[in-house]
Amino acid sequence: MIMLGFEIRRRNISLSLKYSIIMMMVGFGLFIGEANYLSLQENGSFFHDFLFGTPLWALGIFFVLLAKPSLGDSKITHSLSKDVLGVYLCHLIIVIYYLNIVRILGINPIIASIFAVPVVYFVSTIIVRGLRKTPLARFLVR
């Protein structure tokens, strides 16, 4: 994925916004289709975040951002950007705890899936911002 992004920038490849959105949607459709197919298999468990549609989906997003470079240029985006790395680094442990708590409490999987992203993002952001206010932040981020 990194190599694809590097080559796109090096060769100055770009797509129109229309084709970028089409690429993104086709990639997302492939991702969801494969995820649905895998979730219906015999073992019933499915937990993969990189499927065949992922590169096409990601490249579509990349081309959309190249076509609209000022898309995220707002005060809200700039204020949230300082938390991105921390949220990325701690979100997986929060997902694991969330799934275990959901299983222990016997919450409906559909409801748990609907609330998974907002809950994990909110808790991860609280942790990141809380850690930033402690002396531990000096050692975590240099």
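Cut-offs applied
Residues numbered from 1 in each chain as written. Predicted model: local features only at pLDDT ≥ 70, side-chain atom pairs only at ≥ 80, totals over all residues. Heavy atoms only, no water. Axes fitted to C-alpha atoms, helices over the stretch in contact; angles between N-to-C directions. Helix = DSSP H or I, 4+ residues; strand = E, 2+ residues; numbered from the N terminus. Parallel < 35°, antiparallel > 145°, perpendicular 65-115°, else oblique. Left-handed = near helix turned anticlockwise from the far one by under 90°. Contact = heavy atoms within 4.5 Å. Nonpolar A, V, L, I, M, F, W, Y, C, P; charged D, E, K, R; others polar. Salt bridge = Lys/Arg side-chain N within 4 Å of Asp/Glu carboxyl O. Buried < 20%, exposed > 50% of the residue type's maximum accessible area, 1.4 Å probe, protein only.

Draft legend 1. Quick look at the packing of helix 2 (residues 17-39) against helix 3 (residues 54-67). Interhelical geometry of helix 2 versus helix 3 gives an angle of 155° and a closest axis separation of 7 Å. Here helix 2 lies roughly antiparallel to helix 3, going by the angle between them. Judged by the twist between their axes, the crossing of helix 2 over helix 3 is left-handed. Along its contact with helix 2, which presents Leu17, Ser20, Ile21, Met23, Met24, Val26, Gly27, Phe28, Leu30 and Phe31, the element helix 3 presents Thr54, Leu56, Trp57, Leu59, Gly60, Ile61, Phe63, Val64 and Ala67. Taken together, the residues that form the contact of helix 2 with helix 3 break down as 15 nonpolar, 4 polar and no charged.

Draft legend 2. Main features of the pattern of salt bridges. Inspection of every chain in the model, using the stated rule, returns 4 salt bridges. The salt bridge partner of arginine 10 is glutamate 7, with a shortest N-O separation of 2.7 Å. One end of the pair is arginine 10 and the other is glutamate 7, both in helix 1 (residues 2-10) and 3 residues apart, which spans about a single turn. Accessibility expressed as a relative area gives 51% for arginine 10, which makes it exposed. For glutamate 7, the salt bridge goes to arginine 11, with nearest N and O atoms at 2.9 Å. Counted as one network, the salt bridges with shared partners bring together Glu7, Arg10 and Arg11.

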